[in-house]
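# What the coordinates show
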Amino acid sequence: MMDATALSELSALLGSRLITAGGDLRSHGQNESWFPETPPDAVAYPETTEEVSRLVAICARHGCPVVAWGAGTSLEGHALAFDGGVVVDFARMNRVLEVRPGDMQVVVQPGITREALNAELRATGLMFPVDPGANASIGGMAGTRASGTTTVRYGTVRDNILALEVVLADGRVIRTGSGARKSAAGYDLTGLFVGSEGTLGLITELTLRLHGQPEAISAAVCAFPDFAAAVDTVIATIQSGIPMARIEFVDETVARIFNAQAGTAFPELPHLMVEFHGSDASAAEDARRFGEVAESFGALGFDWASTTEDRNRLWRMRHGAYRTCIASRPGCMGMVTDICVPISRLAEAVAETRADIAELELVGPILGHVGDGNFHAILLLERDNPEELARAKTLTRRLAERAVRLGGTVTGEHGVGVGKKGLMPLEHGEAWEVMARIKRALDPDGILNPGKVVEVSQ
């Protein structure tokens, strides 16, 4: 339990915006994956950077853990307060602070979601393109270094963050980066905090790079006789210089589940879902050229989404794949894991993973962002079945070992949290201890999201 004095000081600071009982604690102890419910001791709703600074300073004096919370969509237990303490929910820090159309930039608070941000930007002709699927908060996306379906064209969230305001473990407020497009001034602290999952500081403001809204969009879905043909299509498309905005993969199991759960009529084969952005002429030309490449590798059943409604339906289906897969096994829970490998090794990685899923007798549809070599296995597990959970953990270990062997990473976008912390030495070796040293230097008392990303001995 938290120190009573700390709770009293936080209550004096936040009043009714500090919650210590009821449904708020339970909802902030839940998550999107297999980890057990872990309610914090308190939930805080700050409204300004100054309040976050004072909150963290109080917690630092009393040795109280502090865990940042965005939309709660993370998959590796990132925002669960396993050691108790205060969850800092940024829902009330959700404003657009400044739009700079001439510089194609926007300054936002961390609690705004990507959909709300793009709604605010609609009239400007600009957009924030990073799309992880879930309607995540921008602060949470920064904390986990999110990417998603549009990474192949627009990059990850790291590529689209120019500057940050961060509250450190002692309550100090620092600013990293600037509105300039480049800098050679010292260490890249912005890059350090992006992806640190709240273990080094709490992000309270972000300056983002924006992109122009495309004049025209063309999208399609097509089937392939096997996954290798789909990957070869992607490689040939990239080598041909055709600028894809999205290129996603689903395996035949996902196609079968879509048909059963959503009433679609996909061939039960691997599929690519693609989208092109540009002018009317360029988007149509890119789509035509892609069609020629795909057909040369045996693609069939092209379904072109010619209207906005058709495109939205296509991507709603892709983004809803997790929920659709969960619904296909009533009462199950999901363990969603991801790796990222060089595209040339992707077909090999997927084939080996499918063999593992069959050997371990698991249900595990596979989908992913084929344009950057990142794929996910959605393991559908029976609740309260420790033996099946153990087999799923065996699979995730094999996946991680495979990713490293093929020259990739143990997580392309989900992040580490607590779920993948034990896999970090596989990829990083001695560099993992360097990360721990950085953590000790910036958070010597270990109050910021303890137990995540690194192993720190006090």
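Structure first, text after, so check above.
Here we summarise the structure given alongside this text. Throughout, residues of each chain are indexed from 1 in the direction in which the sequence is written. Thresholds applied to this predicted model are a pLDDT of at least 70 for local features of residues and 80 or more for the giving and counting of side-chain atom pairs; totals over whole chains, interfaces and linings are not thresholded and use all residues. The side-chain figures draw on all heavy atoms in the structure; neither hydrogens nor water molecules are used.

### Concerning the overall build of the protein chain
Each helix is a run of DSSP H or I of at least 4 residues and each strand a run of E of at least 2, with the numbering of both proceeding from the N terminus. When its secondary structure is counted, the protein chain shows 16 helices and 18 strands. Our radius of gyration is a C-alpha quantity, and the globule rule it is checked against amounts to 2.2 Å times the number of residues to the power 0.38. Against the globule reference of 23 Å for 458 residues, the protein chain gives a C-alpha radius of gyration of 22 Å, in line with a compact fold. Across the 458 residues in the protein chain, those meeting the buried criterion constitute 55%. For the protein chain, the share of sequence-separated contacts (at least 6 apart) that also reach a separation of at least 24 residues comes to 71%. Summary of the burial criterion: residues with accessible area below 20% of their type's maximum are buried, those above 50% are exposed, and those between are partly exposed, where the area comes from a 1.4 Å probe applied to protein chains only. What makes two residues a contact is simply this: any of their non-hydrogen atoms within 4.5 Å.

### A word on the environment of Met127
Relative to the elements of secondary structure, Met127 occurs in strand β7 (residues 126–127). Sequence-wise, Met127 and Pro214 are 87 residues apart; in three dimensions their C-alpha atoms are separated by 9.2 Å.

### So, the environment of Leu380
Considering the arrangement of structural elements, one finds Leu380 in strand β18 (residues 374–382). In this structure Leu380 comes out as buried when scored by relative accessible area, which is 1%. Beyond its immediate stretch of four places on either side in the chain, Leu380 contacts Cys325, Ile326, Ser328, Arg329, Cys332, Met333, Val363, Pro365 and Glu388.

### Some points on unusual backbone geometry
Positive phi values are uncommon outside glycine, yet Arg145 reaches one of about 55°. Positionally, Arg145 belongs in the loop between α5 (138–143) and α6 (151–154). Within the chain, Glu361 stands out as a residue other than glycine whose phi angle is a positive 55°. One can find Glu361 in the loop between α13 (346–359) and β17 (366–369).

### Overview of helix α1 (residues 4–14)
Since the α-helix turns once every 3.6 residues, residues separated by three or four places project in the same direction. Within the sequence span of α1, burial applies to Ala6, Leu10, Leu13 and Leu14. Buried positions in α1, seen along its axis, are confined to an arc of 75° and lie on one side of it. Of the exposed residues in α1, those oriented more than 90 degrees away from the buried face are Ala4 and Ala12. Against the buried residues of α1 lie β1 (18–19), β2 (42–44), α3 (49–62) and β4 (86–89). Under this definition, polar contacts are N or O atom pairs within 3.5 Å; protein pairs additionally need one hydrogen-donor-capable and one acceptor-capable atom, and for neighbouring residues in sequence, both atoms have to be side-chain atoms. Of the residues flanking the start of α1, the one acting as N-cap is Asp3, its side-chain oxygen 2.8 Å from the backbone nitrogen of Thr5. Downstream of α1 by a residue or two, Gly15 has a phi angle that is positive, lying close to 60°. Arc definition: directions from the helix axis to the C-beta atoms.

### A short note on the packing of helix α8 (residues 227–239) against helix α10 (residues 280–296)
Every angle, taken between N-to-C directions, lies between 0 and 180 degrees, and every axis is a line fitted to C-alpha atoms, over only the stretch in contact when it is a helix. The interhelical angle for the contact between α8 and α10, taken along N-to-C directions, is 140°, at an axis separation of 9 Å. Regarding the angle of α8 to α10, the classification is oblique. When you trace α8 past α10, the crossing you get is right-handed. Residues Thr233, Ala236 and Thr237 of α8 touch α10, and the partners they reach there are Phe290, Val293 and Ala294. In terms of residue class, the contact of α8 with α10 is built from 4 nonpolar, 2 polar and no charged. Roughly parallel covers angles under 35 degrees, roughly antiparallel covers those over 145, roughly perpendicular covers 65 to 115, and oblique covers all other angles. Helix crossings fall into two classes, left-handed where the near helix is turned counterclockwise from the far one by less than a right angle and right-handed where it is turned clockwise. Ten residue types, Ala, Val, Leu, Ile, Met, Phe, Trp, Tyr, Cys and Pro, are classed as nonpolar, four, Asp, Glu, Lys and Arg, as charged, and the remainder, Gly among them, as polar.

### Quick notes on the pattern of salt bridges
Whenever Lys or Arg places a side-chain nitrogen within 4 Å of a carboxyl oxygen from Asp or Glu, that contact is recorded as a salt bridge. Taken as a whole, this structure holds 33 salt bridges when the rule is applied. Among the salt bridges present, the one from Arg318 reaches Glu248, with a minimum N-O distance of 2.9 Å. Of the two residues, Arg318 sits in helix α11 (residues 308–319) while Glu248 sits in strand β13 (residues 246–250), which places them 70 residues apart along the sequence. When sorted by exposure, Arg318 lands in the same class as Glu248, which is buried. Among the salt bridges present, the one from Arg440 reaches Glu433, with a minimum N-O distance of 2.6 Å.

### Quick notes on the sheet that holds β1
Within a sheet, neighbouring strands are paired by backbone hydrogen bonds and run either parallel or antiparallel to one another. In short, DSSP must find at least two bridges between two strands for them to pair. Taken in spatial order, the 4 strands of this open sheet run β1-β2-β4-β3, and their pairing is mixed. Among the strands making up the open sheet, the edge pair consists of β1 and β3 (66–69). As defined by bridge partners, β3 adjoins β4 across 4 bridges and the pair is classed as parallel. The residue bridging Val67 from the neighbouring strand is Val87, located in β4.

### Describing the side chain of Ser53
Inspection of the secondary structure puts Ser53 in helix α3. Sequence-distant contacts of Ser53, defined by excluding residues within four places in its chain, comprise Val167, Gly171 and Val173.

### Observations concerning the packing of aromatic side chains
Aromatic rings from Phe, Tyr and Trp, with only the six-membered ring used for Trp, were paired whenever their centres fell within 6.5 Å, and each pair was classed as stacked if the ring planes differed by under 30 degrees, edge-to-face if by over 60, and tilted otherwise. Considering all chains together, one arrives at 7 aromatic pairs under this definition. Through a chain of ring-to-ring contacts, three or more aromatic side chains come together here, namely Phe276, Phe290, Phe302 and Trp304. Throughout this description, the term charge over a ring refers to an Arg CZ or Lys NZ atom that lies within 6 Å of the ring centre and within 35 degrees of the ring normal. Over the ring of Trp315 we find Arg246, and its NZ or CZ is 4.8 Å from the ring centre.

### So, the side chain of Glu165
You can see Glu165 is positioned in strand β8 (residues 161–167). The buried category is assigned to Glu165, whose relative accessible area is 10%. Reaching out from Glu165, the side chain makes a polar contact with the side chain of Thr49 at a distance of 2.6 Å. Only 2.9 Å separates the side chain of Glu165 from the side chain of Arg175, close enough to count as a polar contact. Once you skip the residues sitting within four places of it in the chain, Glu165 turns out to touch Thr49, Val173, Ile174, Arg175, Leu202, Ile203, Thr204 and Glu205.

### Regarding helix α14 (residues 386–405)
A helix is expected to span 1.5 Å for every residue after the first. Taking 1.5 Å per residue, 20 residues should reach 28 Å; α14 reaches 29 Å between its end C-alpha atoms and fits that length. Along α14, the positions that sit buried rather than exposed are Glu388, Leu389, Arg391, Ala392, Leu395, Thr396, Leu399, Ala400, Arg402 and Ala403. Tucked into the core, α14 has its buried residues touching β16 (332–340), α13, β18 and α15 (424–428). Remark: Gly407 follows α14 within two positions and exhibits a positive phi of approximately 85°.

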